[in-house]
Amino acid sequence: MSAQGVAQLRSALEQAFAPKTLEIIDDSAAHAGHPGARAGGHYRVTLVAEAFRGRSRLERHRLVHAAVAPLFAGAVHALNIVARAPEESP
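Residues numbered from 1 in each chain as written. Predicted model: local features only at pLDDT ≥ 70, side-chain atom pairs only at ≥ 80, totals over all residues. Heavy atoms only, no water.

1. Details of the pattern of salt bridges
Link 1 in the chain: Taken as a whole and judged by the stated rule, the model has four salt bridges.
Link 2 in the chain: Close ionic contact of R53 with E50 constitutes a salt bridge, the shortest N to O distance being 2.5 Å.
Link 3 in the chain: On the basis of relative accessible area, E50 is assigned to the partly exposed category, the value being 42%.
Link 4 in the chain: Ionic pairing is found between E87 and R53, a salt bridge with its closest N-O pair at 2.5 Å. Residue E87 is found in the segment after β3 (76-84), and its partner R53 is found in the loop between β2 (41-48) and α2 (57-68); the two are separated by 34 residues along the sequence.
Link 5 in the chain: Here R53 falls in the partly exposed class, since its relative accessible area comes to 41%.
Link 6 in the chain: Beyond isolated ion pairs, a larger network of salt bridges with shared partners links E50, R53 and E87. (Salt bridge = Lys/Arg side-chain N within 4 Å of Asp/Glu carboxyl O. Buried < 20%, exposed > 50% of the residue type's maximum accessible area, 1.4 Å probe, protein only. Helix = DSSP H or I, 4+ residues; strand = E, 2+ residues; numbered from the N terminus.)

Below is the structure:
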């Protein structure tokens, strides 16, 4: 399910933001035994996109959650987000 979850996340985020960079790390193994882990994976997402320019961290997270919301019904249980505008350094 993890590889499928990564592919689904990548597709949803690329469609929504056309990011300049996108990194998805599957952290599911670190959460084995967690009750929600059976329902979906745990992922860390780092993306850089124009859509985040001039937006607060909260707004950026809301945009990302909205873009992947359907995945929380199965492929994704938890998501750690780092969202930056192109001019922001890591």
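Structure's up, so let's keep going.
2. Details of the environment of R60
Link 1 in the chain: Secondary-structure assignment places R60 in helix α2.
Link 2 in the chain: Under the relative-accessibility criterion, R60 is labelled buried at 8%.
Link 3 in the chain: Sequence-wise, R60 and V82 are 22 residues apart; in three dimensions their C-alpha atoms are separated by 8.8 Å.
Link 4 in the chain: Look past the residues within four positions of R60 in its chain and what remains in contact with it is F52, G54, R55, A83, R84, A85 and E88.
Link 5 in the chain: Only 3.0 Å separates the side chain of R60 from the backbone oxygen of F52, close enough to count as a polar contact.
Link 6 in the chain: A distance of 2.9 Å separates a polar side-chain atom of R60 from the backbone oxygen of A83. (Contact = heavy atoms within 4.5 Å. Polar contact = N/O pair within 3.5 Å; in protein donor to acceptor, adjacent residues only side chain to side chain.)

None of the figures reported here should be taken as evidence of function without further support.
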